[in-house]
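Letter by letter, the chains look like this.
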Amino acid sequence: MTDAHNDTTLKSWEERQEFAELMQPLIGRLYRTKGVEILVYGRSLLNGSTIDIIKTHRLVRQHEGHKLRLRESYPFLKVISEIDIAPARIDVGKLAFGYHFGDKREGDESIEDYVNRVLVDVVGKADDVEPRDVVLYGFGRIGRLLARLLIEKNGRTNKLRLKAIVVRGGGPGDLEKRASLLRRDSVHGPFNGSITVDESTSSIKANGTRIQVIYSSSPDAIDYTQYGIDNAIIVDNTGVWKDEAGLGLHLKSKGAAKVLLTAPAKGNIKNIVHGVNHADVLENDLIVSAASCTTNAITPVLKAINDRFGIKNGHVETVHAYTNDQNLIDNYHKAERRGRSAPLNMVITETGAAKAVSKALPELTGKLTGNAIRVPTPNVSMAIMNLNLNEATDKEALNEYMRQTALNSDLQNQIDYTSSTEIVSSDLVGSRYAGIVDSQATIVDGDRAVLYVWYDNEFGYSCQVLRVVQDMAGLVVPNIPA
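Counting restarts for each chain: residues are numbered from 1 in the order of the written sequence. Local features in a predicted model are, by the rule used here, given only for residues with pLDDT of at least 70; side-chain atom pairs are given and counted only at 80 or more, and totals for whole chains, interfaces and linings are based on all residues. Values reported for side chains reflect all heavy atoms of the structure, with hydrogen atoms and water molecules removed beforehand.

Asker: Would you explain the overall build of the protein chain in this entry?
Answerer: Counting secondary structure elements, the protein chain contains 13 helices and 20 strands. In this setup the radius of gyration rests on C-alpha atoms only. A globule is expected at 2.2 Å times the number of residues raised to 0.38. A compact globule built from 482 residues would reach a C-alpha radius of gyration of about 23 Å, and the protein chain, at 23 Å, matches this within 12%. Only protein chains enter the accessibility calculation, which uses a 1.4 Å probe; a residue is then buried when its area is under 20% of its type maximum, exposed when over 50%, and partly exposed in between. When each of the 482 residues of the protein chain is scored for burial, the buried share is 53%. Should any heavy atoms of two residues lie within 4.5 Å, those residues are considered in contact. Sequence-distant contacts in the protein chain: of pairs separated by 6 or more residues, those separated by 24 or more amount to 71%. With the model as given, the accessible surface of the protein chain reaches about 22000 Å², and the carbon-plus-sulfur share is 48%. Secondary structure elements are defined from DSSP: runs of H or I of at least 4 residues count as helices, runs of E of at least 2 residues count as strands, and each element is numbered from the N terminus. Exposure was quantified through the Shrake-Rupley algorithm and a 1.4 Å probe, taking into account, for residues, occlusion by the shown protein chains and nothing else.

Structure, rendered in structure tokens:
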């Protein structure tokens, strides 16, 4: 390669860096001051580095067969940053591509006019949703990830305000240990920001958010109002109480208004998979479940397949990362097989996820069976869905349908799609999607299809939980383009 080629390559890279550096403050300011999240083909740019922004733009070529340069998308971001706008998730990549290379522009329409036309539903609109207090009851794996996600939303337009965490026990050094676990995570990496501890008020301060740490052994023994918390949504991460009687104890505490369980519920409690049946959440629903990580991963994909091809029946096998419920080394466990060492064994166990799908998607009642294998990885799982369809198809048609579903449907926040031949589980740590369709592994034989769906059973699930919290708070954040 000649020096001239090297100079051109370097110049192109420097240009991309410069535009990414220009985009960073606009992306952050839009989120903090207006509640607007910027994306490129479904990937959020929030808190992204310059390299993240550059890499995200490369996705456009994979989907469209044509590159989108940062200098082509930047003007759209600049226009968005200058207008009065209500909270939304805006895909600047889709806007820019549609304008420059698609058929979305009307005649000689300017970028300003185009943006205002496409964003007409949110431009100049008042945001009249009242902020809502959120309390995390339990501070384990899911609780700490929810805390990260809620703190990430810090800003004057933030409608979900993390006010407290509730834990058992206490004792010397407890507060610092809780803060340290939030600060550092062996799977998800360091917290993005600053965390300090205030022993005098028993609180943790994270990126400007003051989080009260409350010690209690019972959900009904807390007066939240004495901490300035009222009308709060209590997110129960403990899994101790799963029925209406147990979860209802939270509602006896002063200042608590609603309860969300981060596990499958028993009885008549609604199990909600956001994107599928979140419209079932009503204002008078006081107790709701966000179902399980596996149910959230498979239900959106099953809905998409059933809507297009129909599902006669099928079996879902979950290859699941080990969890805290298992033992590090062989020891007694009340459940079968789970007593054997999690890091050393594959462990067959049962899962109710396949049956639980019917609570969110009643048309699949009685059509699915399921089982699970716990494997020696700490995070990211996979669901293998062996389905008999009502209609014959082929691999290319099914994959293209799933790709379009991931990009341009009401399930775009839940379903991601990859065509990589090299992807492995660790590549998907931190995915914000409920599930990721691995198109290279898809098998189709007439009316029989096998789909492989990855999912970050911790972070991806936590993102789904937070979406249900938004539903319970009456917070609607539209995707643009729809």
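Asker: Please clarify how the packing of aromatic side chains should be interpreted in this entry.
Answerer: Any two aromatic rings considered together are summarised by their centre-to-centre distance and by the angle between their planes. Stacked, tilted and edge-to-face pairs are distinguished by plane angle, under 30 degrees for stacked and over 60 for edge-to-face with tilted covering the rest, among Phe, Tyr and Trp rings (Trp via its six-membered ring) whose centres lie within 6.5 Å. According to the stated counting rule, one finds 7 aromatic pairs in the structure shown. Look at phenylalanine 19 and tyrosine 74: their rings are 5.7 Å apart centre to centre, the planes differ by 55 degrees, and that puts the pair in the tilted class. One end of the pair, phenylalanine 19, is in helix 1 (residues 3-34); the other, tyrosine 74, is in helix 4 (residues 70-81), with 55 residues separating them in the sequence. We classify tyrosine 74 as buried; its relative accessible area is 14%. Relative to tyrosine 99, the ring of phenylalanine 76 lies with its centre 5.4 Å away and its plane at 70 degrees, an arrangement referred to as edge-to-face. Of this pair, phenylalanine 76 sits in helix 4 while tyrosine 99 is found in helix 5 (residues 92-100), placing the two residues 23 residues apart along the sequence. Each of the two residues, phenylalanine 76 as well as tyrosine 99, counts as buried.

Asker: Just checking my understanding: could you explain the environment of glutamate 396 for this structure?
Answerer: Relative to the assigned elements, glutamate 396 resides in helix 12 (residues 395-408). Given the relative accessible area of 59%, glutamate 396 is considered exposed. Along the sequence, glutamate 396 and alanine 434 sit 38 residues apart, while their C-alpha atoms lie 23 Å from each other.

Asker: Help me out: how do you make sense of the nonpolar core in this one?
Answerer: Soluble globular proteins: nonpolar side chains tend toward being buried together. Formed by 76 residues in total, the largest nonpolar core has its most connected members in Leu136, Ile305, Met402 and Leu451. Tallying contributions element by element places helix 13 (residues 459-472) first for this core, with 8 residues. Nonpolar core, defined: a set of buried Ala, Val, Leu, Ile, Met, Phe, Trp, Tyr and Cys residues in which side-chain atoms within 4.5 Å join the residues together. Val36, Ile53, Ala86 and Ile480 belong to the second largest nonpolar core, which has 38 residues in total.

Asker: When you look at the sheet that holds strand 6 (residues 195-198) in this model, what are you seeing that I'm missing?
Answerer: The strands making up a sheet are joined through hydrogen bonds of the backbone, oriented either antiparallel or parallel. Any two strands between which DSSP finds at least two bridges are classified as paired. The strand order across the open sheet formed by 9 strands is 6-7-8-5-4-9-10-12-11, and the pairing between neighbours is mixed. Edge positions in the open sheet fall to strand 6 and strand 11 (270-271), since each of these has one partner strand only. Every axis corresponds to a line fitted to the C-alpha atoms, with the helix fit spanning only the stretch in contact, and the corresponding angles, defined between N-to-C directions, vary from 0 to 180 degrees. Packed onto the sheet, helix 8 (residues 174-183) meets strand 5 (160-167), strand 6, strand 7 (203-206) and strand 8 (209-215) and runs at close to 165 degrees relative to strand 6.

Asker: Would you take a moment to explain the packing of helix 7 (residues 141-152) against helix 13 for this structure?
Answerer: In a pair of packed helices, the angle between the axes and the distance between the axes together describe the arrangement. Where helix 7 contacts helix 13, the axes come no closer than 9 Å and their chain directions differ by 60 degrees. When you trace helix 7 past helix 13, the crossing you get is right-handed. Within the contact between the two elements, helix 7 uses Ile142, Leu145, Leu146, Leu149 and Leu150 and helix 13 uses Phe459, Tyr461, Ser462, Cys463, Val465 and Leu466. Of the residues assigned to the contact of helix 7 with helix 13, the class counts are 10 nonpolar, 1 polar and no charged. If you view the pair so one helix is near and one far, a crossing is left-handed when the near helix is turned anticlockwise from the far one by less than a right angle, and right-handed when it is turned clockwise. Each residue gets one of three labels, nonpolar for Ala, Val, Leu, Ile, Met, Phe, Trp, Tyr, Cys and Pro, charged for Asp, Glu, Lys and Arg, and polar for the others, Gly among them.

Asker: Help me understand the sheet that holds strand 17 (residues 415-418), please; the structure alone is not making it clear to me.
Answerer: If you trace the 7 strands from one edge of the open sheet to the other, you get 14-15-13-16-19-18-17, paired in mixed fashion. What marks the edges here is a single partner per strand, and that holds for strand 14 (347-349) and strand 17. The mean angle between the axes of side-by-side strands here comes to 25 degrees, regardless of whether they run parallel or antiparallel. Sheet topology places strand 18 (residues 435-438) next to strand 19 (residues 443-455); 2 bridges connect them, and they run antiparallel. Across the sheet, valine 437 pairs through a bridge with valine 453, a residue of strand 19. Contacts from helix 12 reach strand 16 (381-393), strand 17, strand 18 and strand 19, with the element oriented near 130 degrees to strand 17.

Asker: Would you explain helix 2 (residues 50-57) in this entry?
Answerer: An α-helix turns once per 3.6 residues; consequently, residues spaced three or four apart project the same way. Here helix 2 has its buried residues at Thr50, Ile53, Ile54, Thr56 and His57. Looking straight down helix 2, one finds that the buried residues subtend no more than 165 degrees of arc, so they occupy a single side. Note: the arc covers the axis-to-C-beta directions of the helix.

Asker: Would you mind going over the side chain of asparagine 327 with me for this structure?
Answerer: Its location among the elements puts asparagine 327 in the loop between strand 13 (311-321) and strand 14. The term polar contact refers here to a pair of N or O atoms within 3.5 Å; inside protein, the definition further demands a hydrogen-donor-capable atom paired with an acceptor-capable atom, and it admits residues adjacent in sequence only when both atoms are side-chain atoms. At a separation of 3.2 Å, a polar atom in the side chain of asparagine 327 contacts the main-chain carbonyl oxygen of glycine 339. With residues up to four places along the chain from it excluded, the contact list for asparagine 327 reads Tyr332, His333, Arg338, Gly339, Arg340, Ser341, Ala342 and Pro343.

Asker: So what exactly am I meant to see when it comes to unusual backbone geometry here?
Answerer: The phi angle of most residues is negative, glycine excepted, and most peptide bonds adopt the trans form. For the bond from isoleucine 480 to proline 481, the omega torsion is 0 degrees, close enough to zero to count as cis. Inspection of the secondary structure puts proline 481 in the segment after strand 20 (479-480). For tyrosine 41, which is not glycine, the phi torsion reads 50 degrees and is therefore positive. Relative to the helices and strands, tyrosine 41 resides in the loop between strand 1 (36-40) and strand 2 (43-44). Despite not being glycine, valine 380 shows a phi value in the positive range, around 80 degrees. With respect to the element layout, valine 380 can be found in the loop between strand 15 (368-375) and strand 16. Of the residues examined, valine 380 reaches a relative accessible area of 4% and is grouped as buried.

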